[in-house]
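Chains, contacts and geometry: an overview
Listed below are the residues making up each chain.
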Amino acid sequence: MTNSILKMRLLIQLFVLLFSSVNNGHRLGSSMKPIHYDLLLLPIISGGSPRLCGHVLVDLEPTMTTNVVTFHGVEISILDVSIEQVLDTEKKINSDRSVQLEDLCFSGLFEIVNEAHTVIHEDVERQQISVILKQTLIKGHRYRVGLFYVAKVRDDNRGFFRANYKNDNTSCCHEGWFGGTQMEATNARRVLPCLDEPGFKTTFDVTIGHNRVMSALSNMPEIATRPMKNTREWMWTIFSRSPPMPTYLLAMFVTDYDKVERIYKVCKRTIRMRFWGRRDQLRHLEQSMAVVPDMLNYMETYVRQPFSLPKIDFISAPLELDFEAMENWGLVLFRENRLNFNEETGSEDERFQVVQTMAHELAHQFFGNLVTSDWWSDIWFNEGFCGVFENDLVQHALPNLVFRAEMSKFSSIRTAMKIEEHVHAASVIRAVETADDAEKMFDSITYSKGSGLLLMLRNSVGPQNFRNAVVTYMERYQFQNANSQRFMDILDEEIHKNRDIGRGMNVTKIMHSWTSQQSYPIVRCIRTGNGRVRLSQTPHPVRNNITSDETTNQLWWIPISMTDGNQPDFTQQGTYPRVWLTPERPSLEIPYFPTDSGHDSTNDEDDNWILINGEFSGYVRVLYDDYNWRLISRQLVVNHTVIPQVTRAQLIDDAFTLALGEYLEYKVVLELIEYLTSVSDEFVRATTQFHLKWMRERAKQNESLLTLFEEYTGRLKFERMDDEHPNEYNNLVRTDGFEGEGCSSWSDGVCVDQILGMFRAEMDGTITAANKKYDFTKLC
Ligand SMILES: [Zn+2]
């Protein structure tokens, strides 16, 4: 065999390998299993030429023999590649690499020593970097690939970012730099070459280089420091090894913030908690610090798993983040106004937002961090769970915020429904292929519909079965990946232990009808006489439906809870499903009262209202016959508190929405809100005002509707929403459904038009960044 033939063979082999490595779509596939990262990162964040220098050792196990390793990477230049087979996993890593990195970052000097590769191919579109090695990697063996690289310190919050800040905005005397990371969803690839998919969970060793006057933080506690060889002002901080986690949870910060430290004791375990902030902001950390132990304790008790790390840091960024907070394991990042609360000037709404954000991020320490979704298409499950626990935790830690927690839950579900009414929204579970697809998953459907569906599920199977399934799920998949399907399987096992509940119930099937279809059903509830009601389902049509009847054949598994005016019951018992509408049986007729209730249906029927879906127990709207609407209206006038506030708001929201869709006459809706002319019902005020704005707009083209509108609003007893206490309750009600400046009253025509315009733009996606007031992707 001649040398030239060998070369040709090599070229053909390279071409084939290269071709196969860049033509496998945007996902990396399963040819390489990452096991561990050892990352050395040196960020230069101050001054005019910020830069990020790194060396990463990636331990990999090929599942097929190959000489190509493909990483994710964006705006990363790889300078040198090393490769060695790992025979001894405990072997000490040569520390010379830190000196080489210091030379590279401080002096721009770099000597290529290893050059274990022949080609480095970057596929910009797929955000992948393929390294063609000189050496073949044998299936099943373990290798350590070393990469020296340079990346960017950014000014936005994707990857490694920096911000310049002053300790006090009014002070001249201290100015500092803040550097840190935001990896979720697909930005770890801007900080290091890595296999940047949530299904790849690995351990991480992190070492950060930084100026001595600054602190370095990462997910795990710092275990050692050592001075740099090149400069006395700089040092390396070394962190202990993390448990297995996905790349999107990796976090690193460099800051000269101050901190407040607390030790949280639970049983014989201690967790160190540190709250970091600008010096003049430290006194505003009290509220956050006060709720963390209670909330963490609640979560640990509920899921029966301890918080896995020995410490947790909470830090805010001195810049306007695109999100409110990020749940990095052991190192949670917040916007300043979501971690800090000023007791002297802050409103109760602001206090609630701080507490709610903390609750969401602590829930993530278990849902997402301890057990991780295996792919972005299923991220609703993590976010939905955190949405559910957000409210549970707030109510546990600060019971006096229950009103706001309920309002927030109601508003959240309503927001998702409104979106689904206006545009063809995506389904909850959807295909994700590219980085862009993954980023787009963080929308209201994921967050608000996701938590709404899980609340419906919890209500349908009962809280105890639901919790038991969570405990098993956590136990079975801790430190691993899982998905909603695994949870549904466990829940199916759980409910079938109980014959009464489990009989004929298939959670997987039920939830599939909700997570794979867009929109939601309207449940019609019509009295048919003889003590019976007829129930049926129909999809809510999309208002801007361009693709005609795409949704008209949709059917769902719908839990139907029912109560009545004779024995109103909005407890867990009363909102438990009495029957189900199913795709196979989309309509059915049932007795007005359960047969064991002791009612004489025929006699009780005439003057008793019936009510379906109390306390938002299902993600549906309900359309009654006019007579039943009138019975409910009469109840509200006589004593509105018989029906709880969430259900009152929901009834009004349903009625207005159905009137807008011409399922119901506005006359009936105005009868429903007649009680508001004599009672100030704070909880439903925002919902009602929101819809009156829409009604007023519709009335412009309809004289009789206008007369009806004016006659009603002339008697309406809403207090004018003035700005006397702009941060108090008024602000809360203004955020209902969409967040705008709010109008001082529904009769302020110019303001109303602006708000409606903004809402429409939000719905059809034409809203601009400048006038965008509501960010649907608020929490990570
Ligand atoms: Zn989240």
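Residues numbered from 1 in each chain as written. Predicted model: local features only at pLDDT ≥ 70, side-chain atom pairs only at ≥ 80, totals over all residues.

In the annotation of an unreviewed UniProt entry, the entry for the chain reads Aminopeptidase, and the organism field reads Daphnia magna. Recorded under Sequence similarities (unreviewed entry), the UniProt text for the chain is reproduced unchanged: "Belongs to the peptidase M1 family." According to the UniProt record, the Subcellular location (unreviewed entry) comment for the chain reads "Cell membrane". (UniProt positions renumbered as here; feature names shortened; annotations may be inferred.)

So, helix H11 (residues 484-497)
With 14 residues, H11 should reach 20 Å at 1.5 Å per residue; the first-to-last C-alpha distance of 20 Å fits that figure. Within H11, the full set of buried residues consists of Ser-484, Phe-487, Met-488, Ile-490, Leu-491, Glu-494 and Ile-495. Along the long axis of H11, the arc covered by the buried residues comes to 160 degrees, so they all point the same way. (Helix = DSSP H or I, 4+ residues; strand = E, 2+ residues; numbered from the N terminus. Expected span 1.5 Å × (residues − 1). Buried ≥ 20, exposed ≤ 12 C-beta atoms within 10 Å, placed from the backbone. Arc of directions from axis to C-beta.)

Overview of the sheet that holds strand S18 (residues 325-326)
Read from one edge of the open sheet, 5 strands run S15-S16-S17-S19-S18, paired in mixed fashion. In this open sheet, the two strands that pair with only one neighbour each are strand S15 (258-266) and S18. Pairing of S18 with strand S19 (residues 331-335) involves 2 bridges; the strand directions are antiparallel. When the bridges of S19 are listed, Met-326 appears paired with Leu-333. Sitting on the sheet, helix H3 (residues 286-303) is in contact with S15, strand S16 (269-277) and strand S17 (311-317), with an inclination near 35 degrees to S15. (Pairing = 2+ DSSP bridges. Contact = placed C-beta atoms within 7 Å. Axes fitted to C-alpha atoms, helices over the stretch in contact; angles between N-to-C directions.)

A short note on unusual backbone geometry
The linkage connecting Glu-184 with the following residue, Ala-185, adopts the cis geometry, with an omega of 5 degrees. By the secondary structure assignment, Ala-185 is in the loop between strand S9 (175-182) and strand S10 (203-211). Of note in the backbone geometry, Phe-479 takes a positive phi value of approximately 65 degrees without being a glycine. As for its position among the elements, Phe-479 is in the loop between helix H10 (463-477) and strand S21 (481-482). By C-beta crowding, Phe-479 is classed as partly exposed, having 14 other C-beta atoms within 10 Å. For Asn-530, which is not a glycine, the phi torsion comes out positive at approximately 55 degrees. Considering the arrangement of structural elements, one finds Asn-530 in the loop between strand S22 (521-529) and strand S23 (532-539). Residue class for Asn-530 comes out exposed when judged on the 11 C-beta atoms lying within 10 Å of it.

Describing the sheet that holds strand S5 (residues 117-123)
Here 3 strands make up an open sheet; going across it, the order is S3-S6-S5 and the pairing antiparallel. Lying at the two open borders of the sheet, with one neighbouring strand each, are strand S3 (66-72) and S5. On average, each strand axis in the sheet is tilted by 25 degrees relative to the strand beside it, whichever way the strands run. Bridge count for S3 against strand S6 (residues 128-137) is 6 bridges, and the pairing is antiparallel.

Some remarks on the packing of H11 against helix H13 (residues 507-515)
Axis separation between H11 and H13 bottoms out at 8 Å; the angle between their running directions is 140 degrees. Classified by the angle their axes make, H11 and H13 are oblique. Facing Gln-485, Met-488, Asp-489, Leu-491, Asp-492 and Ile-495 of H11, the residues of H13 in contact are Val-507, Thr-508 and Met-511. When grouped by side-chain class, the residues that make up the contact of H11 with H13 number 5 nonpolar, 2 polar and 2 charged. (Parallel < 35°, antiparallel > 145°, perpendicular 65-115°, else oblique. Nonpolar A, V, L, I, M, F, W, Y, C, P; charged D, E, K, R; others polar.)

With respect to the pairing of S23
Side chains Val-533, Leu-535, Gln-537 and Pro-539 of S23 all project onto a buried face; the interleaved residues Arg-532, Arg-534, Ser-536 and Thr-538 project onto a face where none is buried. Pairing between S22 and S23: 8 bridges, direction antiparallel. Bridging from a neighbouring strand, Arg-527 pairs with Val-533 of S23. Where S22 folds back onto S23 in an antiparallel hairpin, the turn is made up of 2 residues, including Asn-530, whose phi is positive at roughly 55 degrees. Bridge count between S23 and strand S27 (residues 587-591): 5 bridges; the pairing is antiparallel. What sits directly across from Arg-534, in S27, is Glu-589.

Side note on helix H6 (residues 379-397)
Counted at 1.5 Å a residue, the expected span for H6 with its 19 residues is 27 Å, and the 26 Å between its end C-alpha atoms agrees. Here H6 lies mainly inside the structure; 16 of its 19 residues are buried.

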